[in-house]
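Per-entry structural report
Given next are the chains, with one letter for each unit.
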Amino acid sequence: MAEYETVVGLEVHCELSTRTKLFCGCANAFGAEPNTNVCPVCLGLPGSLPVLNEQAVELAMRIGEALHCEIRPSIFHRKNYFYPDMPKDYQISQYDEPINVDGLLELPDGSRVGIVRAHMEEDTGKTTHVGGGGRIHEAGHSLVDYNRAGVPLVEIVSAPDITSAAQARAYVAELRAILVATGASDGRMEEGSLRVDANVSIRRAGSDELGTRCEVKNLNSLRSLGRAIEHEADRQASLVDSGERVTQETRHWDENASRTHSLRSKEEAYDYRYFPEPDLVPLVPDEALRQRASSALGLMPAARRARLQAALGGAEHARALMDQIGTVIELSLDDLVLAASAGGADPKHALNRAANELASQGERARALDPVSFASLLALESSGTLSATQVKAVLPELVEHGGDPAEVARRHGFEQLGTEELESAIDGVISASPTEWERYVSGDARIAGFLAGQVMKATRGRANGKVVAEALAARRAGVSAR
Amino acid sequence: MERISIDEARHVARLARLDLADGELDKLTGELSDLLEHVEAIRRLDTAEVPPTAHPLPLSNVFRPDEVRPSLERAEVLAAAPATEADRFLVPRILGEAP
């Protein structure tokens, strides 16, 4: 089998987090009762006129700036086609004069993916196929909910610079983080806020020519995206190896069957007869708009990574640490880690607890008071609380707040008194005299067993480090005699 | 001089879902060709100094604030549908995915 390279370009549709639709005042809300957020404009009734949502423009410009695009004067076009999800029989989109062009996205590994354009358009309604197990070709009929019709989208089209499934996933993950950081999107792939189509082709390794591409749809998660690209590249490679040609077409990813299947051939491609939307005037990003968009732009993920790396001391870190950094940035816990570090916590310690224990607490973990987080970490590093105890205290701090020492006491985690610890050790020595003898005579392997017995006797309230020290001190006392 | 063929006219009619009788198609093919000739005449003008016009009005940036306005009553919306089911518009079996 010949050696091939995979070439991928991605189209990401991002629903903007506005209160209303792109051209009318209907609410932009996920999960509303069907057909309750519709009006004459988004239903395309005669005599209605679209008016552009200013906030959608600002969010589109923030995306353009975050992706280092040229933000330019643009106009809207009508893209004409007949399909029940578009009640107007055309979609208002941007065609040859989009708002953002020629951008760039840098991935955490330093590789760069070009952004061809990021244009504004309206979303379509949602169709449900009834009968035939919900599959389109076997359905008896379809039902349409127009709540989504007219919701503002920005479609971000990458250059075919992506060369692997892993890089495609990294691109979407980084793009998602950027979109969330700009405030343009909630980034929820499972709710369809971000929808990804992949243009996949292969070429002989080292070649500069682009092969015939297939567009793969129905990629609802990063996992699907990666798997679909791998399968599609394999399919194309076997075609070429057996002397056949790849046909340019749209293919549907079937997650359960782990394969793509053909939807329609591009030969019968739609002729959209684009023409300028006569009901809308040109959009010119003037200085005031640019100012507003860039001043609203938060710190981007790359800058936040760099900031966190600096706090951890240096830019080069082990893979495991980079994964933890990625996690806290994705969950927006990096401010908390930095604040706790500024409050005296060890940055690596704070990062570790944030990336593991706090990450499992969901979005509310962001609201944790950094001072209380820092004091909890201090209790752990001083040995007052064990790691297990810290993990038990954290969810309660996230839920109700409060003083960590106080919460620990309520859990019965107060530090074991020296007297109580010593009497627990007495108990273990008389219960396990043989093991104790081995320990005293220098068998280090038995230390863990004895410590475990002490932990058991104190019901986990003792600190492992303190127990080990107490045992060692006791042994030193015995040997000295 | 650009003339369009009857096949091209038929294609355009099909895209617009117009079911034209043969006589109508002949007539429209002629009219479309006349339109193209008119555009051809305009193209002969020197427009090097004229900026592209996207809209007849000298306006740009007409915006609406991002404020929710009441939508239509659902009963009113669904009354316009030929058929409904589960508060949605019922449409015949769809052949193929959305473009």
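Note that the structure is a prediction, hence the values are computed from the model and not measured. (Residues numbered from 1 in each chain as written. Chains lettered and ligands numbered in written order. Predicted model: local features only at pLDDT ≥ 70, side-chain atom pairs only at ≥ 80, totals over all residues. Heavy atoms only, no water.)

1. Some details on the layout of surface pockets
All names here are of chain A. Looking at the second largest pocket, its volume works out to about 740 Å³. Lining the second largest pocket are 19 residues, and of these P108, A170, M322, D323 and G326 lie nearest its centre. Contributing elements (two or more residues each) for the lining of the second largest pocket: α2 (165-182) and α6 (319-330). Each residue belonging to the lining of the second largest pocket can be placed in one class, and the counts come to 9 nonpolar, 2 polar and 8 charged. In terms of domain composition, the lining of the second largest pocket takes at least three residues from each of domain 1 (4-295) and domain 2 (301-405). (1 Å grid on protein atoms, 1.4 Å probe; cavity = no way out; pocket = protein on both sides within 12 Å on 5 of 7 lines; lining within 4 Å. Points joined across faces, edges and corners; volume = space filled by probe spheres on them. Helix = DSSP H or I, 4+ residues; strand = E, 2+ residues; numbered from the N terminus. Nonpolar A, V, L, I, M, F, W, Y, C, P; charged D, E, K, R; others polar. Domains from an automatic or database assignment.)

2. Some words on the domain arrangement of chain A
Residues and elements named next belong to chain A. Along its sequence, chain A is organised into domain 1 (4-295), domain 2 (301-405) and domain 3 (418-480). Between domain 2 and domain 3, the C-alpha centre-to-centre distance is 32 Å. Across the boundary between the two partners, domain 2 contributes 6 residues, which contact 6 residues of domain 3. Between domain 2 and domain 3 the total buried area reaches about 330 Å² when both faces are included, carbon and sulfur atoms providing 32% of it. If you sort the residues of domain 2 by the area they bury against domain 3, G383, S386 and Q389 come out on top, with a joint share of 83%. Joining domain 2 to domain 3, the criterion identifies 0 residue pairs in polar contact (both at pLDDT 80 or more). Of the residues assigned to the side of domain 2 that touches domain 3, the class counts are 1 nonpolar, 5 polar and no charged. (Contact = heavy atoms within 4.5 Å. Buried area = accessible area lost by both parts, 1.4 Å probe. Polar contact = N/O pair within 3.5 Å; in protein donor to acceptor, adjacent residues only side chain to side chain.)

3. As for the sheet that holds strand β2 (residues 84-85) of chain B
Strands sit in the order β8(A)-β9(A)-β3(B)-β2(B) across an open sheet of 4 strands; the sheet is antiparallel. Strands with a single pairing partner mark the edges of an open sheet, and in this sheet they are β8 (126-130) of chain A together with β2 of chain B. (Pairing = 2+ DSSP bridges.)

4. With respect to unusual backbone geometry
Residues and elements named next belong to chain A. The backbone of N218 shows a phi angle near 70 degrees, a positive value even though the residue is not glycine. On the accessibility criterion, N218 (30% relative accessible area) is partly exposed. Although it is not a glycine, S332 adopts a positive phi angle of roughly 55 degrees. Within the fold, S332 resides in the loop between α6 and α7 (334-342). (Buried < 20%, exposed > 50% of the residue type's maximum accessible area, 1.4 Å probe, protein only.)

5. Considerations on the interface of chain A and chain B
Each partner contributes residues to the interface: chain A has 62 residues there, and chain B has 35 residues. When the area that chain A buries against chain B is broken down by residue, the three leading residues are F82, L143 and V281 of chain A, summing to 13%. If you look at where chain A meets chain B, you find 1 salt bridge. Here chain A is connected to chain B by 21 residue pairs in polar contact (both at pLDDT 80 or more). Taken together, the elements giving at least two residues each to the side of chain A that touches chain B come down to β2 (52-53), α1 (54-66), β8, β9 (141-145) and β14 (259-265) of chain A. Top element by residues in the side of chain A that touches chain B is β9 of chain A. It accounts for 5 residues. Tallied by class, the residues present in the side of chain A that touches chain B amount to 35 nonpolar, 16 polar and 11 charged. As defined by bridge partners, β9 of chain A adjoins strand β3 (residues 88-92) of chain B across 4 bridges and the pair is classed as antiparallel. Among the inter-strand pairings, L143 of chain A is bridged to a residue of β3 of chain B, identified as L90 of chain B. (Salt bridge = Lys/Arg side-chain N within 4 Å of Asp/Glu carboxyl O.)

6. Some points on a nonpolar patch on the surface
Taken together, the side chains of L57, L59 and V62 of chain B define a hydrophobic patch exposed on the protein surface, amounting to about 250 Å² of accessible area. Inspection of the secondary structure assignment puts V62 of chain B in the loop between α2 (22-43) and β1 (63-64). (Patch = residues over 30% accessible without salt bridge, like charges linked within 9 Å, V, L, I, M, F, W, Y side chains within 5 Å. Areas by Shrake-Rupley, 256 points an atom, 1.4 Å probe, with all protein chains shown as cover.)

7. Remarks on empty space enclosed by the protein
Enumeration according to the criterion identifies 2 cavities of 30 Å³ or more in this entry. Quantified by volume, the largest cavity comes out at close to 40 Å³. In the lining of the largest cavity, the residues fall into 5 nonpolar, 1 polar and 3 charged. A volume near 40 Å³ is recorded for the second largest cavity. Considering only residue class, the lining of the second largest cavity consists of 6 nonpolar, no polar and 1 charged.

8. A short note on the pairing of strand β13 (residues 249-254) of chain A
All names here are of chain A. By the criterion of burial, β13 is predominantly enclosed, with 5 of the 6 residues buried. Of the strand pairs in this sheet, strand β12 (residues 214-219) and β13 are connected by 4 bridges, and their pairing is parallel. What sits directly across from C214, in β13, is E249. After leaving β12, the chain enters helix α3 (residues 222-241) and then returns to the sheet as β13, a path that is left-handed. (Right-handed = clockwise from strand over helix to strand, strands pointing away.)

9. Describing the confidence of the model for chain B
Residues and elements named next belong to chain B. Chain-level statistics for chain B give a pLDDT mean of 88 and a share of 93% at 70 or above. At the level of individual helices and strands, chain B shows its lowest average pLDDT in helix α1 (residues 6-15), which scores 88, and its highest in β1, which scores 97. Reported for the predicted complex are a pTM of 0.80 and an ipTM of 0.87. (pLDDT = per-residue confidence, 0-100.)

10. Side note on the packing of α6 of chain A against helix α8 (residues 347-358) of chain A
Residues and elements named next belong to chain A. Close contact between α6 and α8 brings their axes to 9 Å; oriented N to C, the two are set at 60 degrees. Viewed along their axes, α6 and α8 adopt a mutual orientation that is oblique. Along this stretch, α6 crosses α8, giving a crossing that reads as left-handed. Between α6, through L321, Q324, I325, T327 and V328, and α8, the contact on the second element is made entirely by K348, L351, N352, A354, A355 and N356. (Axes fitted to C-alpha atoms, helices over the stretch in contact; angles between N-to-C directions. Parallel < 35°, antiparallel > 145°, perpendicular 65-115°, else oblique. Left-handed = near helix turned anticlockwise from the far one by under 90°.)

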